[in-house]
Amino acid sequence: MLQSLIDVILPVFLVIGAGYAATYLGYFKETHIDGLMKFTQGFAIPCLLFLAIVRLDLSTSFDPRLQVSFYTAAALCFIAGLFGARLIFHREWEDCIAIGFCCLFSNSVLLGLPITDRAYGPENLAGNYAIIAFHAPFCYCIGITVMEVVRNRGNGGKQMARSVLSAMFRNALILGIALGFIVNLSGVGVPLVVDEALGLITGAALPGGLFALGGILVKYKPEGDLRAIAYVCGISLLLHPSLTWLFGSVAGLPQDLFRSGVLTSAMAPGFNAYIFANLYGRAKRVAASAVLIGTAASILTVWFWLTLLG
């Protein structure tokens, strides 16, 4: 299966590496990368998700077995990260929640989509989009709710609810997904000229996002907390896909949805893991380094999962 490493995985990571090298060598400045990330994360990728949800056949794509398999595994990884950080590394509870969020949030868009696309073709991405449709809302709802409960020690329920809803609906990815569902369920088609314009924008979403991800990673040098970082990477890259594999097998998932679920869960922590840690000023070094090291390590671990999937 060396060919899968060459044909499927390396092109994706070469784009990330190009962004890293261009920024590290000074050809791209930090402001350039920030602008590119703003465009991809705040505009192009939400447009991509909007179109994908609009075009989904909701009656066949949203198999509850896939959602239960993936998100049960994700929730268990959050719990493992949270209590592992507390019991093994003796971190404060707020740090533990940020570390748990790192274990919860896979890079489902910038890594999961292009790798699944290259491995199995665009016609097999329905499972990916079905997961992505709930990914950010599910993860932020868990992370923010638990963090606000701990910070308020169970008090201030109204403030906690406002914090959760505000964080979720400021997220452009969630807005793009929500609008896609509205258009899909309404039965109103997207005008052809608008569809083609969005197609031009979305063509830049994944390559631009991968390049920007490489540039962003230059800022986050791995330092300290290496045991905690290794723990996060182990849960994200090995435990999460193992649990999804187990639950998906028991549930009898169709092959295409099974592959999408396992591969998506095998992705490194997404950049949102650092955004969450930075939002609360907790475990930022662990989060940033886990994104960097996990992304690099996933070159080999994704190859391993692709080999098992066949």
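Analysis parameters
Residues numbered from 1 in each chain as written. Predicted model: local features only at pLDDT ≥ 70, side-chain atom pairs only at ≥ 80, totals over all residues. Heavy atoms only, no water. Helix = DSSP H or I, 4+ residues; strand = E, 2+ residues; numbered from the N terminus. Rg over C-alpha atoms; globule rule 2.2 N^0.38 Å. Buried < 20%, exposed > 50% of the residue type's maximum accessible area, 1.4 Å probe, protein only. Contact = heavy atoms within 4.5 Å. Areas by Shrake-Rupley, 256 points an atom, 1.4 Å probe, with all protein chains shown as cover. Lys, Arg positive; Asp, Glu negative; His and termini not counted. Charge placed at Lys NZ, Arg CZ, Asp CG, Glu CD. Core = buried A, V, L, I, M, F, W, Y, C linked by side-chain atoms within 4.5 Å. Salt bridge = Lys/Arg side-chain N within 4 Å of Asp/Glu carboxyl O. Axes fitted to C-alpha atoms, helices over the stretch in contact; angles between N-to-C directions. Parallel < 35°, antiparallel > 145°, perpendicular 65-115°, else oblique. Left-handed = near helix turned anticlockwise from the far one by under 90°.

Within the chain, the secondary structure is distributed over 15 helices and 0 strands. A compact globule built from 310 residues should have a C-alpha radius of gyration of about 19 Å, and the chain, at 19 Å, falls within 12% of that. Its C-alpha atoms give the chain principal-axis dimensions of roughly 55 × 45 × 45 Å. Residue burial in the chain is summarised as follows: out of 310 residues, 54% are buried. At a minimum sequence separation of 6, the contacts of the chain that also span at least 24 residues come to 85%. Within the structure as shown, the chain displays about 13300 Å² of accessible surface, and the carbon and sulfur contribution to it stands at 67%. Distance between charge centroids for the chain: 10 Å, based on 19 positive and 16 negative side chains.

So, about the nonpolar core. Nonpolar side chains tend toward joint burial in soluble globular proteins. Leu111, Leu113, Tyr129 and Phe276 are the most contacted members of the largest nonpolar core, which has 98 residues in total. With 11 residues, the single largest contributor to this core is helix α7 (residues 126-152). Within the second largest apolar cluster, 5 residues are counted, among which are Cys47, Phe50, Leu51 and Val54.

Applying the stated rule across the entire model yields 7 salt bridges. Between aspartate 195 and arginine 55 there is a salt bridge whose closest N-O contact spans 3.0 Å. Linking aspartate 195 in helix α10 (residues 192-202) with arginine 55 in helix α2 (residues 30-55), this pair joins segments that are 140 residues apart in sequence. Among the residues examined, arginine 55 registers a relative accessible area of 54% and is labelled exposed. Between aspartate 63 and arginine 65 there is a salt bridge; the shortest N-O distance is 2.7 Å. Through salt bridges with shared partners, one network takes in Arg91, Glu92, Asp95, Asp225, Arg282 and Arg285.

Right, let's get into the packing of α2 against α10. Contact geometry for α2 and α10: axes closest at 9 Å, N-to-C directions at 130°. The orientation of α2 relative to α10 falls into the category oblique. Seen from above, α2 lies across α10 with left-handed handedness. Contacts between α2 and α10 pair Phe39, Phe43, Ala44, Cys47, Leu48, Phe50, Leu51 and Arg55 from the former with Asp195, Leu198, Gly199, Ile201 and Thr202 from the latter.

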